[in-house]
Amino acid sequence: MRYVLRFIGMSIKHSSPPSASQLTYSDYLRVSELTRLQHPQSAPPHHDELLFIIIHQTYELWFKLLLHELDAVVANLRAAADNPGSRDEVYEAARLLRRCTEVARVLVEQFTILETMLPTHFLAFRGLLRPASGFQSEQFREIEFLCGLKDETLLRLHEPAPEMHAALERRLHEPSLRDVFFAALAALGTLPQVGAEATEAERFQARAQAILVLYRDERGHRDWIDVCERLTEFDELLVSWRLRHIQMVERTIGMRTGTGGSSGVSYLKGTLDKKFFPELWEARSLMSEGTG
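Residues numbered from 1 in each chain as written. Predicted model: local features only at pLDDT ≥ 70, side-chain atom pairs only at ≥ 80, totals over all residues. Heavy atoms only, no water.

## Describing the side chain of Gln139
Here's step 1: Among the structural elements, Gln139 can be located in helix H7 (residues 138-147).
Here's step 2: You can call Gln139 buried: its relative accessible area is 16%.
Here's step 3: Reaching out from Gln139, the side chain makes a polar contact with the backbone oxygen of Glu60 at a distance of 2.7 Å.
Here's step 4: Other than its neighbours up to four places away in sequence, Gln139 contacts Glu60, Phe63, Lys64, Leu67 and Met164. (Helix = DSSP H or I, 4+ residues; strand = E, 2+ residues; numbered from the N terminus. Buried < 20%, exposed > 50% of the residue type's maximum accessible area, 1.4 Å probe, protein only. Polar contact = N/O pair within 3.5 Å; in protein donor to acceptor, adjacent residues only side chain to side chain. Contact = heavy atoms within 4.5 Å.)

## Regarding the environment of Gln136
Here's step 1: Of note, Gln136 is situated in the loop between helix H6 (119-126) and H7.
Here's step 2: Separated by 21 residues in sequence, Gln136 and Leu157 place their C-alpha atoms 6.9 Å apart.
Here's step 3: Setting aside chain neighbours within four positions, we find Gln136 in contact with Pro131 and His158.

## Some remarks on the packing of aromatic side chains
Here's step 1: Under the counting rule described, the total for this entry stands at 14 aromatic pairs.
Here's step 2: Ring geometry for Tyr59 versus Phe111: centroids 5.6 Å apart, planes at 45°, classification tilted. Here Tyr59, found in helix H3 (residues 49-82), pairs with Phe111, found in helix H5 (residues 111-114); they are 52 residues apart in sequence, far enough to count as distant. The same class applies to Tyr59 and to Phe111, which are both buried.
Here's step 3: Look at Tyr59 and Trp241: their rings are 6.1 Å apart centre to centre, the planes differ by 80°, and that puts the pair in the edge-to-face class. Pair noted here: Tyr59 is in helix H3 and Trp241 is in helix H11 (residues 222-253), with a separation of 182 residues, a long-range link. (Phe/Tyr/Trp six-rings, centres within 6.5 Å; stacked < 30°, edge-to-face > 60°.)

## Remarks on the nonpolar core
Here's step 1: Grouped together as the largest cluster of nonpolar side chains are 56 residues, with contacts concentrated most on Leu70, Leu177, Phe181, Ile211, Trp224, Val227 and Phe234.
Here's step 2: Sequence-distant contacts of Val227, that is, excluding residues within four places in its chain, are made with Val90, Ala93, Ala94, Leu97 and Phe181. (Core = buried A, V, L, I, M, F, W, Y, C linked by side-chain atoms within 4.5 Å.)

## As for the packing of H3 against helix H4 (residues 88-109)
To characterise two packed helices, one gives the angle between the axes of the helices and the distance between these axes.
Here's step 1: At a closest axis distance of 9 Å, the pairing of H3 and H4 adopts a crossing angle of 160°. It follows that H3 is roughly antiparallel to H4 by the angle criterion. Of the two elements, H3 crosses H4, and the hand of that crossing is left-handed.
Here's step 2: Among the residues forming the contact of H3 with H4, the class breakdown is 19 nonpolar, 1 polar and 4 charged. (Axes fitted to C-alpha atoms, helices over the stretch in contact; angles between N-to-C directions. Parallel < 35°, antiparallel > 145°, perpendicular 65-115°, else oblique. Left-handed = near helix turned anticlockwise from the far one by under 90°. Nonpolar A, V, L, I, M, F, W, Y, C, P; charged D, E, K, R; others polar.)

## So, the pattern of salt bridges
Here's step 1: Across all of its chains, the model carries 22 salt bridges by this definition.
Here's step 2: Linking Asp71 and Arg171 is a salt bridge whose minimum nitrogen-to-oxygen distance equals 2.8 Å. Here Arg171 lies in helix H8 (residues 162-173) and Asp71 lies in helix H3, a separation of 100 residues in the sequence.
Here's step 3: Take Arg171: its relative accessible area is 4%, and that puts it in the buried class. (Salt bridge = Lys/Arg side-chain N within 4 Å of Asp/Glu carboxyl O.)

## Observations regarding the packing of helix H10 (residues 200-216) against helix H13 (residues 278-286)
Here's step 1: It is at 8 Å that the axes of H10 and H13 come closest, and there the two elements cross at 65°. For the element pair H10 and H13, the recorded crossing hand is right-handed. Counted together, Phe204, Gln205, Arg207, Ala208, Gln209, Ile211, Leu212, Tyr215 and Arg216 of H10 and Pro278, Glu279, Leu280, Glu282, Ala283, Arg284 and Leu286 of H13 form the full contact between these two elements.
Here's step 2: By residue class, the composition of the contact of H10 with H13 is 9 nonpolar, 2 polar and 5 charged.

Here it is, written out as C-alpha cells:
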C-alpha cells in the first residue's frame, strides 16, 4: 500500500522518490537555507534564544506578506477611483483586506508562544541583543507609512540599512492606502468638497462624512461598506497587537528600558492611540441611533 503525503497541491509518493531534476518541497521552500538562518548570540546557545529568533523572523515574514497584500489593495482602490462605476476592484480590495485581517489576528496570537519563555530565561541573553530592537523593524515601519502613519523623523533610525531606508523614504513620499481610499471615495462622489483654505480638522470631518454617506445607503454601497469594515478591523487588530506587545514586554522585563534605548513599556503605551484610519472611527460617532 502506498501512502501519499499532501502539502497544498504537492504530493510525495514514498514508492517513487523524486529525481535530481524534479522540484521538491524542500527546494521550493528553500528549507535548508531557511533553517540555517537562526544564529543565537549566546554561547553556548541559551535554549530559549532559538524561540525568540524564530518568533521574530516569523513576524517579519508576515510583515512581508502584509506589504504584498496592502500594495495590491492600493492598486485596486486606484483602479476603482479611475472607474467609479466598476465593482470588481472594490470587491477585490475587500477580499484582500480580509486576508490582511486574518494575518493580523495571527500576529496577535503569536505572543502567546513567546510568553511561554520565563522572564529569567529571556534576561539570560537579553543583554547580548543591544543595541538591536524591534523598534528598528523596517517592514513594520513600512506598514505604518503605507497605511498613512508617516513620521519623517523616524527615517534616521533606519540609516544603517540603506536599502530599507530607501524603501521607507519611497513610502513616505508616495500616496498612502488612506490617501488612495479617500481619493476613490471622492471619485465615487461621497466626499464633500472642501476649499483650499480648509483646516486639517475640516478635511478630517469631510472624510468622516464621506464614510457616513456610505453607511446611510447600505443597499447602494454594500461593497464599499465591506471595505470600510475590513479597514476598521485591520486597524483594530493592529491596536490589539500593540497592546499585546506591551503586555508581553511588561510581563517579561517589567519597566526596563528597551534594548534599543527606548523607554520600553512607557514608549509602547504611547503608541496605543495610533490608528491608521481615524475617520472610520469618527464616522461611528456621527451615526444616528435607530437607523439600522
